[in-house]
Amino acid sequence: DKYKAGLSKTRSSFSAKLNDLVARYRKVDEDFFEDLEEVLISADVGVNTVMELVAELELEAKRQNIKDAIDLKELISEKLVEIYTDGDYTAEVPLNLNSAGLSVILFVGVNGVGKTTSIGKLAYQLKQEGKKVLLVAGDTFRAGAIEQLGVWGERIGVEVIKQSEGSDPAAVMYDGIQAARSRGADVLLCDTAGRLQNKVNLMNELSKVKRVIEREIPGAPHDVLLVLDATTGQNALVQAKTFSETTDVTGIVLTKLDGTAKGGIVLAIRKELNIPVKYVGLGEQMTDLEKFDPNAFVYGLFA
Ligand code: GDP
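Taking an unreviewed UniProt entry as the reference, the chain is identified by name as Signal recognition particle receptor FtsY belonging to Amphibacillus marinus. The chain has a UniProt comment under Subunit (unreviewed entry) that states "Part of the signal recognition particle protein translocation system, which is composed of SRP and FtsY." Per UniProt, the chain carries the Sequence similarities (unreviewed entry) text "Belongs to the GTP-binding SRP family. FtsY subfamily."

Right, dumping it as structure tokens:
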């Protein structure tokens, strides 16, 4: 229900546009398909996907001899669901936790996308599941980042491992791992800096942090989650490309879906980058993080 509510902006915008299109055309012709392309692109479902979808629809309309736009409407949703639930896409991809010991989850992404908030929300969820969670304040660059994570830690009753602003993130990470070991923690959630203005530095810093984790715990990090802001639309796609070029991103947390009419971006990411979306953010509260279920999502968006 929350899922559906979180997608309501996208759904109502999309269906309003679609209804409007159907009302305007009534009969299906070439112009109809052109306008349909625009509607789909404006929902940020991704240009490649739109092209694929519309080509298929044109074929299918011919094959089934569909002339009325209203009859095509149903088919549009059906085809969208089909495209996105094709093959592996149907599966929910869970967090990759190490059942035999400490799990390390690294969060990456540019400033302002909701990284800190998502770490707090996930920490809350894992704690609810009975896991012992520790947070690592690895964003030592942005003013206030350490304190902000500290606030989340207090709110949910989870310890935050930190050093002062400007310190070496790799050293903080090392501290975090030692603390996790001595406290017998199950999961370590690690924040990282998100300045993209200096891409080379950022990426070097990330590699260094990752090397510390890999050296200390074979097989870690168990997940590298890229946090993306759904309200930035295609920009999120560009960020995803940039990060996945330099880091092995194993999953995506897509935030602020509640605040956008462009929820189709999830589908574009999934389809064009082939990185599973693992969680979606549907609000600012600690309970507003949901595991991503592709099927439910597509139905929530378009049905
Ligand atoms: P960071 O710089 O990436 O760590 O971003 P923050 O965690 O500080 O989040 C930036 C802003 O986005 C804050 O005001 C958050 O409350 C807000 N935010 C984060 N996730 C969500 C979400 O899923 N929905 C909404 N509506 N706001 C969010």
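Our focus in this paragraph is the side chain of Q239. On the secondary structure map, Q239 appears in helix α10 (residues 234-246). Not counting chain neighbours up to four residues away, the residues in contact with Q239 comprise V110, V113, L226 and L228.

This part is about the nonpolar core. Ranked by size, the top nonpolar core spans 99 residues in total, and within it L36, L189 and L254 carry the most contacts. At 7 residues, helix α5 (residues 69-84) tops the list of elements feeding residues into this core. If we ignore the near neighbours within four places in the chain, the residues touching L36 are L18, L21, V54, L57 and I76.

Right, let's get into the site of the ligand. Near the ligand you find 18 residues, and of these G112, T116, T117, Q148 and E284 are the closest. Contacts to the ligand include G114, whose backbone N or O atom sits 2.9 Å from an oxygen atom. For the ligand, an oxygen atom lies 2.7 Å from a polar atom in the backbone of K115. Look at the ligand: alone it shows 590 Å² of surface, and the protein chains cover 80% of it. A total of 4 residues in the shell around the ligand trace back to one element, the largest contributor, which is helix α6 (residues 115-128). Residues belonging to the shell around the ligand are distributed by class as follows: 3 nonpolar, 9 polar and 6 charged.

Mapped onto this structure's residue numbering, the UniProt feature "domain: SRP54-type proteins GTP-binding" (unreviewed entry) falls at residues 276-289. In the segment residues 276-289, helix accounts for 0% and strand for 43%; the C-alpha atoms at its two ends are 16 Å apart.

What follows covers the pattern of salt bridges. In the structure shown here, the tally under the stated rule is 16 salt bridges. Note that R183 and E159 form a salt bridge whose closest N and O atoms lie 2.7 Å from each other. In this pair, R183 is assigned in helix α8 (residues 169-183) and E159 in strand β3 (residues 159-161), connecting sequence segments 24 residues apart. Residues K208 and D168 are paired through a salt bridge, measuring 2.9 Å at the closest nitrogen-oxygen approach. Note that K208 is positioned in helix α9 (residues 199-216) and D168 in the loop between β3 and α8, a separation of 40 residues in sequence. Of the residues examined, K208 reaches a relative accessible area of 38% and is grouped as partly exposed.

With mixed pairing, 8 strands are arranged side by side in an open sheet as β3-β2-β4-β1-β5-β6-β7-β8. With one partner strand each, in any of the chains shown, β3 and β8 (289-291) form the two edges of the open sheet. In this sheet, adjacent strand axes meet at a mean angle of 25° when their direction is disregarded. In terms of strand pairing, strand β1 (residues 103-108) meets strand β4 (residues 187-190) through 4 bridges, oriented parallel. Bridging from a neighbouring strand, V104 pairs with L188 of β4. Running at roughly 175° to β1, α9 makes contact with β1 and β5 (223-229) of the sheet. Docked against the sheet, helix α11 (residues 265-273) engages β5, β6 (251-255) and β7 (277-281), running at close to 165° with respect to β6.

Parameters and conventions
- Residues numbered from 1 in each chain as written.
- Predicted model: local features only at pLDDT ≥ 70, side-chain atom pairs only at ≥ 80, totals over all residues.
- Heavy atoms only, no water.
- UniProt positions renumbered as here; feature names shortened; annotations may be inferred.
- Helix = DSSP H or I, 4+ residues; strand = E, 2+ residues; numbered from the N terminus.
- Contact = heavy atoms within 4.5 Å.
- Core = buried A, V, L, I, M, F, W, Y, C linked by side-chain atoms within 4.5 Å.
- Buried < 20%, exposed > 50% of the residue type's maximum accessible area, 1.4 Å probe, protein only.
- Near = heavy atom within 4 Å.
- Polar contact = N/O pair within 3.5 Å; in protein donor to acceptor, adjacent residues only side chain to side chain.
- Areas by Shrake-Rupley, 256 points an atom, 1.4 Å probe, with all protein chains shown as cover.
- Nonpolar A, V, L, I, M, F, W, Y, C, P; charged D, E, K, R; others polar.
- Salt bridge = Lys/Arg side-chain N within 4 Å of Asp/Glu carboxyl O.
- Pairing = 2+ DSSP bridges.
- Axes fitted to C-alpha atoms, helices over the stretch in contact; angles between N-to-C directions.

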